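Residues per chain, in single letters:
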Amino acid sequence: MSGVGEKVSGTTKTPADFLKSIRGRPVVVKLNSGVDYRGILTCLDGYMNIAMEQTEEYVNGQLKNKYGDAFIRGNNVLYISTVKRTVADGA
């Protein structure tokens, strides 16, 4: 058991590959506190520090605030997930 990556079509995809592939796309960042931030991932580093644009803050599933740009310190991040866009979102 390698525990490093997942085999996909004969190639190994690592978490770093995933993070590179979602740059510039809509994401959900869930914090250890339970708060969600949704926006466009613009940048992240090896410490999981995250820069986002068009960011919205959700607490208990309800929109609480909108930010133009946001910076999230990596040690607060529980996970990063991609957002599937729907027709209603304009995709």
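This one's a predicted model, so the numbers in the text were calculated from it and none came from an experiment.

A few points about the overall build of the chain
Here comes step 1: Each helix and strand in the chain was counted, giving one helix and seven strands.
Here comes step 2: In the chain, the succession of helices and strands from N to C terminus is β-β-α-β-β-β-β-β.
Here comes step 3: Buried residues in the chain amount to 27% of all 91 residues.
Here comes step 4: Sequence separation of 24 or more characterises 34% of the internal contacts of the chain that already satisfy a separation of 6 or more.
Here comes step 5: Accessible surface computed for the chain: about 6,400 Å², of which carbon and sulfur atoms make up 50%.

Structural notes on the packing of aromatic side chains
Here comes step 1: Counted according to the given criterion, the structure contains zero aromatic pairs.
Here comes step 2: Stacked on the ring of Tyr 58, the Lys or Arg Arg 38 has its end atom at 4.2 Å from the ring centre.

Remarks on the environment of Cys 43
Here comes step 1: With respect to the element layout, Cys 43 can be found in strand E4 (residues 36-44).
Here comes step 2: Separated by 10 residues in the primary sequence, Cys 43 and Glu 53 have C-alpha atoms spaced 9.6 Å apart.
Here comes step 3: In contact with Cys 43, other than residues within four places in its own chain, are Arg 23, Asn 49, Ile 50 and Ala 51.

Quick look at unusual backbone geometry
Here comes step 1: One non-glycine residue, Gln 54, lies in the positive phi region at around 50°.
Here comes step 2: Residue classification places Gln 54 among the exposed positions, given a relative accessible area of 59%.
Here comes step 3: At Asn 60, a residue that is not glycine, the phi angle is positive and equals roughly 55°.
Here comes step 4: Examined against the element boundaries, Asn 60 turns out to sit in the loop between strand E5 (50-59) and strand E6 (62-72).

The rules we used
In this numbering scheme, every chain counts its residues from 1 along its sequence in written order. Confidence filtering applies because this is a predicted model: local features only for residues at pLDDT of at least 70, side-chain atom pairs given and counted only at 80 or more, and all residues used for totals across whole chains, interfaces and linings. As a convention, hydrogens and water are excluded, and side-chain values are obtained from all of the structure's heavy atoms. Helix numbering and strand numbering both begin at the N terminus, where a helix is a DSSP run of H or I of at least 4 residues and a strand a DSSP run of E of at least 2. Classification of residues uses two cut-offs on accessible area relative to the type maximum, computed with a 1.4 Å probe and protein chains only: under 20% is buried, over 50% is exposed, and between them is partly exposed. By definition in these notes, contact holds between two residues if any of their heavy atoms fall within 4.5 Å. The protein chains shown are the only cover counted for residues, whose accessible areas, like all others here, come from Shrake-Rupley with a 1.4 Å probe. Pairing of aromatic side chains here covers Phe, Tyr and the six-membered ring of Trp, requires ring centres within 6.5 Å, and sorts the geometry by plane angle: under 30 degrees stacked, over 60 edge-to-face, intermediate tilted. Two limits define a charge over a ring: the Lys NZ or Arg CZ must be within 6 Å of the ring centre, and within 35 degrees of the ring normal.

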